[in-house]
Amino acid sequence: MLLNLPDDQPCLTPRQFGERLPANELESPLGQQFSPEEMLGKLVGFPTVSSQSNLPLIDFAADYLASHGIVSHRVPNADGGKSNLWATIGPDVPGGVVLSGHTDVVPAEGQPWTSDPFTLTARGDRLYGRGTTDMKGFLAITLALAPEMAAAGLQRPIHLALSYDEEVGCLGAPSMIREMRETIAPPQAVIVGEPTKMQVVTGHKGVMGLEVHVRGKPVHSSVVHEGVSAIMVAARLITWLSERMETNRLAAGNAGGDSLFVPPYTTLHSGRIEGGTAHNITAKDCRFTVDIRTLPSERSGDYLAEFQAFAASLESEMQRVDPASGIDIVRRSDTPACRREVQGEAEALARALTGDNAEHAVAYGTEAGQFQDEAFSTVVCGPGDMEQGHAPDEFITREQLAAGEAFQRRLIERLKN
Ligand SMILES: [Zn+2]
C-alpha cells in the first residue's frame, strides 16, 4: 500500500532516474525527523559490511533516539569494535513487542553495481543500495517512526533491537537477546524484520558454517605418490557434500516434496576455496568453507558428525603417506532454525497486523531461532524481497517500504490500548 503525503513533503517528491538521495551528511541529528526513505538514505550511507565496524551507524542511531528522549543500551563485542543496540519505547511492562533487525550488510565488492552501493539511489519505484532489502529498509522504518512511538502514549512498549554480525553467522545478537531477557518485562512477541514481502514467516532452516583446512605434503607432481595434495583431498570432501545433498534431494522427492521449504531438504554447500602453489606441485594447503542449512526437523550436529567421520577416513589415508598431514574442521557458526510455535503469540500478532493467514517458510537464516531459544515468541516479517538481498543492484520498492510502514503504524495503534 502506498502512503500519500502532501506535496510540500520534499522527501516524497517524484525522483528522477538515477538521482542520489540524501546520504550520510555530518549534520547533528538532534531532534530531527526523517521519513522512512530519508532514514534509509542515512543508513545505506554507513558502509556496515560485516568486516567493518558498525559503530558509526550505532552512534547515529543512539544519538538520534536520545534526541527524541529514547534511552538506548549498547551490548558491544569483545574488542568494542562493534555493538548491538536496544531500547525500550513506552512503559517497561509485559506484553510489548520487540522489533529486531541487523545493522550489517554483505559486501558489494566485486559485484557489478550500476550506482554506488552505499548511496541510496532511486530509479522509478525502486530504491537501490546495499542493504535496502536486507535489512536496512525495516530498520529505517523503525527508526523513522520511533519519535511517533515515543509520542503515542503506548500502554505496552515497543522494544528496538539492532544487532551486528548477522551476515557472518548471527554472531552478535545472542548477547543482546540475553541482556534483554534479563532486563525487560517479558514481551508478547518478537518480529524479526528480514525481507518476507510482509508475509508472516514461521519457519526457516538452521545454518551451520564450517571452515576446513586440509594440510597436505608438497612434492613435485611427477612423484605424486610421495606427496599429499590438499586440493585433491578437499575435492573429495566437497564431492561428499554434493553427494550428501543429492541423497537428501532424492529422499525429499520420494517423500512427495510437500514441505514448506524451498528446496524441501537440507542443503550442503561450499562457497569459497583457496589453495595450492603451482600446477606441478602437490598442494600443501587448501582451505574451504561449508554451509549446511538444516530443516527444523533435522540437527546440524548430525551432519557435522557424518562429515567428520568421512574426513577421518581420508585423514588416515593421508597420514599413511605423511603423518603430519591432516584435516582441521572448525565450526564458525551454528544458527538455530526458526521453528513454528504451537499457538505462538508472535504469529497471532503478525497475522492480525498483516491479515496474512497462509503458512510461509524461507530458505535463509535469521536471528529468530536465537530469540526462540531464549523463550521469546518470534516470527519473521518484514518489507522487501530476499530475491534482491545480497545481489548487485539490491533494491527495495517504495511499495514495500510503505507496506512495512503501515504495518508498524498498525502495531503502534494496537499497543496504545
Ligand atoms: Zn538479513
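Along each chain, residues carry numbers from 1 onward, in the same order as the chain's sequence is written. Where local features are concerned, this predicted model is filtered to residues with pLDDT of at least 70; where side-chain atom pairs are given and counted, the filter is 80 or more; whole-chain, interface and lining totals use all residues. Hydrogens are left out, water is left out, and the side-chain values use all remaining heavy atoms of the structure.

Trainee: Even after reading the chapter, I still don't get the domain arrangement of the chain, so can you show me in this structure?
Mentor: One frequently used descriptor of interface size is the decrease in accessible area upon assembly of the parts. Considered domain by domain, the chain is made up of domain 1 (6-202 + 339-415) and domain 2 (206-335). Source of the domain bounds: an automatic or database domain assignment. On a C-alpha basis, the centres of domain 1 and domain 2 stand 35 Å from each other. Contacts between residues were defined by any pair of non-hydrogen atoms, one from each residue, lying within 4.5 Å. In this assembly, 14 residues from domain 1 lie in contact with nine residues from domain 2. Buried area adds together the accessible area that both of two parts lose upon being put together, with accessible area traced by a 1.4 Å probe. For the pairing of domain 1 and domain 2, the buried interface totals around 730 Å² over both sides, and the portion due to carbon and sulfur atoms is 64%. When the area that domain 1 buries against domain 2 is broken down by residue, the three leading residues are E359, A361 and A363, summing to 45%. Salt bridge, as used here: a side-chain nitrogen of Lys or Arg that lies within 4 Å of a carboxyl oxygen of Asp or Glu. If you look at where domain 1 meets domain 2, you find zero salt bridges. Here a polar contact is taken to be a pair of N or O atoms separated by no more than 3.5 Å, where protein atoms must pair a possible hydrogen donor with a possible acceptor and residues adjacent in sequence count only if both atoms sit in side chains. Run the count over domain 1 and domain 2 and you get one residue pair in polar contact (both at pLDDT 80 or more). The helix count covers DSSP runs of H or I at least four residues long, the strand count covers runs of E at least two residues long, and both are numbered beginning at the N terminus. No other element matches strand β15 (residues 360-362), which puts three residues into the side of domain 1 that touches domain 2. Counted by class, the side of domain 1 that touches domain 2 contains seven nonpolar, five polar and two charged residues. Each residue is assigned to one of three groups, with Ala, Val, Leu, Ile, Met, Phe, Trp, Tyr, Cys and Pro labelled nonpolar, Asp, Glu, Lys and Arg labelled charged, and all others, Gly among them, labelled polar.

Trainee: Even after reading the chapter, I still don't get the packing of helix α2 (residues 55-67) against helix α3 (residues 132-151), so can you show me in this structure?
Mentor: Each pair of packed helices can be described by the angle between their axes along with the distance between the axes. As a rule, the C-alpha atoms of each element are fitted with a line to give its axis, helices using only the stretch in contact, and angles between N-to-C directions run from 0 to 180 degrees. Their axes nearest at 10 Å, the elements α2 and α3 cross at an angle of 25 degrees. The angle between α2 and α3 places the two elements in the roughly parallel class. Residues L57, A61, Y64 and L65 of α2 form the contact with α3, whose participating residues are K136, L143, A144, A146 and P147. Of the residues belonging to the contact of α2 with α3, the class tally is eight nonpolar, no polar and one charged. Relative orientations are named as follows: roughly parallel for angles under 35 degrees, roughly antiparallel for angles over 145 degrees, roughly perpendicular for angles from 65 to 115 degrees, and oblique for any other angle.

Trainee: Help me understand the coordination of the zinc ion, please; the structure alone is not making it clear to me.
Mentor: The expected angle between donors at a tetrahedral four-coordinate metal is 109.5 degrees. At an octahedral six-coordinate metal it is 90 or 180 degrees. Listed donors are limited to N, O and S atoms within 2.8 Å of the metal, widened to 3.2 Å for Na, K and Ca; water is not among them, so incomplete-looking sites are possible. Only H102 (NE2), D134 (OD), E194 (OE) and E194 (OE) from the protein reach the zinc ion as donors, at distances of 1.9 to 2.5 Å. Of note, the zinc ion draws all its donor residues from one chain, in the sequence arrangement H-x31-D-x59-E. With a gap of 60 residues between them, D134 in helix α3 and E194 in the loop between β8 (189-192) and β9 (201-204) connect regions that are remote in the sequence. Whether a residue is buried, partly exposed or exposed follows from its accessible area with a 1.4 Å probe, protein chains only, as a fraction of its type maximum: under 20%, in between, or over 50%, in that order. For D134, a relative accessible area of 3% corresponds to the buried category.

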